[in-house]
Amino acid sequence: MKTIGWIGVGIMGKSMVRNLMKAGFQLRIYARNRAKVEDVIQEGASFFDTIGACVQGCEAVVTMVGFPQDVEEVYFTPGAILDRAEPGAYLIDMTTTSPSLAQQLWQEGTRRGFRVLDAPVTGGDTGAKNGTLSILVGGQEADYQACLPLFRAMGTNINRQGEAGCGQHAKLANQIMIAGTLSGVCEALAYARDKGLNLSVLLDSLSTGAAGSKQLDAFGEKIIRGDYAPGFFLKHFVKDMTLAQEEASRDGLALEVLSQALVNYKALEQEGWGDLGTQALIKHYEADAPKAE
């Protein structure tokens, strides 16, 4: 497997494309805006103006787009992936999307003779740049094994979670964990600021104790500095939490912490902060904080 078609070259996708090229894969890419991917074109990726042209002749096609409707568009639109990919190709959706859509894609792709995997990732833009992503794979064992060299070019913690859709379920579990943890980080910093503590000293004190977490390490200092640059868009996190809530509600499972975090994040998105990073949740607590006299 050497020639890869890649659809969706965003914040994380661009780094993943680079790591695949470093590993010796030949990359054919499609993006809606060519100007935003000129750098990876200069580095050796071949650009195509249509999805259909991009995926022809590829042994594997990887998609890393934004929302479930984008996944549906790039696969099911006439002339797109399912119509133009090579017979027997591996189709790997690395977007975080709904498990039911992943199952639908597997069923239709299998019917048409493709080998389909859902493989969402976690690790953010830093993990994508460093090639240290965790990759959560759903699909057939043989297909998973065949794609391991591709996955190892992008990640270091790669595991098959089960059948089609299970990769997406695992990613939603990840997002539920983050929702609670990052909410706790923001609430703690809001409390400490209200009590007049030195937040940098506090972070140094707590980060190696029982309250330490990846979220605290990644975003504690950024929150203190007011750095809301996105490693992962707030609007995409709203999408992920909404998917998780829908999946939980379908089975009558009440996830109160997730539900409250989603309410808070949705309010920020409605205020126009959707293109900031997930650490911008602190704005919710700043808005609610009582003002000093």
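Preceding block: the structure.
Residues numbered from 1 in each chain as written. Predicted model: local features only at pLDDT ≥ 70, side-chain atom pairs only at ≥ 80, totals over all residues. Heavy atoms only, no water.

Undergrad: Give me the packing of helix H4 (residues 68-76) against helix H6 (residues 99-111): which residues, what numbers.
TA: Look at H4 against H6: their axes get within 11 Å of each other, and the N-to-C directions meet at 10°. Here H4 lies roughly parallel to H6, going by the angle between them. Of H6, the residues touching H4 (which contributes Pro-68, Val-71, Glu-72, Tyr-75 and Phe-76) are Leu-101, Gln-104, Leu-105 and Glu-108. For the contact of H4 with H6, the class distribution of residues is six nonpolar, one polar and two charged. (Axes fitted to C-alpha atoms, helices over the stretch in contact; angles between N-to-C directions. Helix = DSSP H or I, 4+ residues; strand = E, 2+ residues; numbered from the N terminus. Parallel < 35°, antiparallel > 145°, perpendicular 65-115°, else oblique. Contact = heavy atoms within 4.5 Å. Nonpolar A, V, L, I, M, F, W, Y, C, P; charged D, E, K, R; others polar.)

Undergrad: I'd like a rundown of the nonpolar core, residues and numbers included.
TA: Grouped burial of nonpolar side chains is what soluble globular proteins tend to show. Judged by nonpolar contacts, the single largest core of 38 residues is most densely connected at Trp-6, Ile-29, Met-94 and Phe-151. Counting only elements with at least two residues in this core, the list comes to strand E1 (3-7), helix H1 (11-22), strand E2 (26-30), helix H2 (38-42), strand E4 (60-63), strand E5 (90-93), strand E8 (133-138) and helix H8 (141-152). With 30 residues, the next largest nonpolar core counts Leu-202, Leu-203, Phe-219 and Tyr-228 among its residues. (Core = buried A, V, L, I, M, F, W, Y, C linked by side-chain atoms within 4.5 Å. Buried < 20%, exposed > 50% of the residue type's maximum accessible area, 1.4 Å probe, protein only.)

Undergrad: Would you mind going over empty space enclosed by the protein in detail, with residue names and values included?
TA: In total, this model carries one cavity of 30 Å³ or more according to the counting rule given. Empty space within the largest cavity amounts to approximately 30 Å³. As for the largest cavity, its lining consists of Asp-93, Ala-102, Leu-105, Val-116, Leu-117 and Asp-118. Those elements giving two or more residues to the lining of the largest cavity turn out to be H6 and strand E6 (115-118). (1 Å grid on protein atoms, 1.4 Å probe; cavity = no way out; pocket = protein on both sides within 12 Å on 5 of 7 lines; lining within 4 Å. Points joined across faces, edges and corners; volume = space filled by probe spheres on them.)

Undergrad: For the pairing of E1, give the residues involved together with the corresponding values.
TA: Burial runs high along E1: five of the five residues are buried. Burial of E1 is two-sided: the residues Thr-3, Gly-5 and Ile-7 facing one way and the residues Ile-4 and Trp-6 facing the other way are all buried. Where the polypeptide runs from E1 across H1 and back to E2, its parallel neighbour, the crossover connection is right-handed. Bridge count for E1 against E4 is four bridges, and the pairing is parallel. Looking across to E4, one finds that Ile-4 is bridged to Ala-60. (Right-handed = clockwise from strand over helix to strand, strands pointing away. Pairing = 2+ DSSP bridges.)

Undergrad: Now, about the state of the cysteines: what can you tell me, with residues and values included?
TA: By definition, a disulfide links the sulfur atoms of two cysteine residues through a covalent bond. Counted under the stated rule, the structure contains zero disulfides. Not engaged in a disulfide, the cysteine Cys-54 finds its nearest cysteine sulfur in Cys-58; these two sulfurs lie 5.7 Å apart. By relative accessible area, which is 0% here, Cys-54 ends up buried. The closest cysteine sulfur to the non-disulfide-bonded Cys-147 is located on Cys-58, 13 Å from its own sulfur. (Disulfide = S-S within 2.5 Å.)

Undergrad: I'd like to hear about the pairing of E8, residue by residue, with values.
TA: In terms of burial, E8 is largely enclosed, as six of its six residues are buried. Where burial is concerned, the two faces of E8 agree: the one with Leu-133, Ile-135 and Val-137 and the one with Ser-134, Leu-136 and Gly-138 are both buried. Where strand E7 (residues 121-122) and E8 come together, two bridges link them in antiparallel fashion. Of the residues in E8, the one forming a bridge with Val-121 is Ile-135. Here six bridges tie E8 to strand E9 (residues 155-162), and the two strands are oriented parallel to one another.

Undergrad: I'd love a proper account of the pattern of salt bridges, names of residues and values included.
TA: Under the criterion given, the structure shown has 17 salt bridges. Arg-225 serves as the salt-bridge partner of Asp-227, at 3.4 Å between the closest nitrogen and oxygen. Relative accessible area serves as the criterion here: at 25%, Asp-227 is assigned to the partly exposed category. Taking the shortest distance from any N to any O, the salt bridge between Asp-240 and Lys-239 comes out at 2.9 Å. Note on accessibility: Asp-240 and Lys-239 belong to one class, buried. What you see here is one network of salt bridges that share partners, running through Lys-14, Arg-18, Asp-39 and Glu-43. (Salt bridge = Lys/Arg side-chain N within 4 Å of Asp/Glu carboxyl O.)

Undergrad: How would you sum up the packing of helix H9 (residues 166-194) against helix H13 (residues 256-273)? Please name residues and give values.
TA: For the pair H9 and H13, the least separation of the axes is 9 Å and the interaxial angle reads 70°. In this view, H9 runs roughly perpendicular relative to H13, as classed from their interaxial angle. H9 and H13 meet at a crossing whose hand is left-handed. On H13, the residues touching Ile-176, Ala-179, Gly-180, Leu-182 and Ser-183 of H9 are Val-257, Leu-258, Ala-261 and Tyr-265. Looking at side-chain class alone, the contact of H9 with H13 contains seven nonpolar, two polar and no charged residues. (Left-handed = near helix turned anticlockwise from the far one by under 90°.)

Undergrad: Could you give an account of helix H12 (residues 234-250), with specific residues and numbers?
TA: Here H12 spans 24 Å end to end across 17 residues, near enough to the 24 Å set by a 1.5 Å rise per residue. Here H12 lies mainly inside the structure; twelve of its 17 residues are buried. Three or more residues of H12 are buried, namely Leu-234, His-236, Phe-237, Val-238, Lys-239, Asp-240, Met-241, Thr-242, Leu-243, Ala-244, Glu-247 and Ala-248. The first or second residue beyond H12 is Gly-252, which carries a positive phi of 75°. (Expected span 1.5 Å × (residues − 1).)

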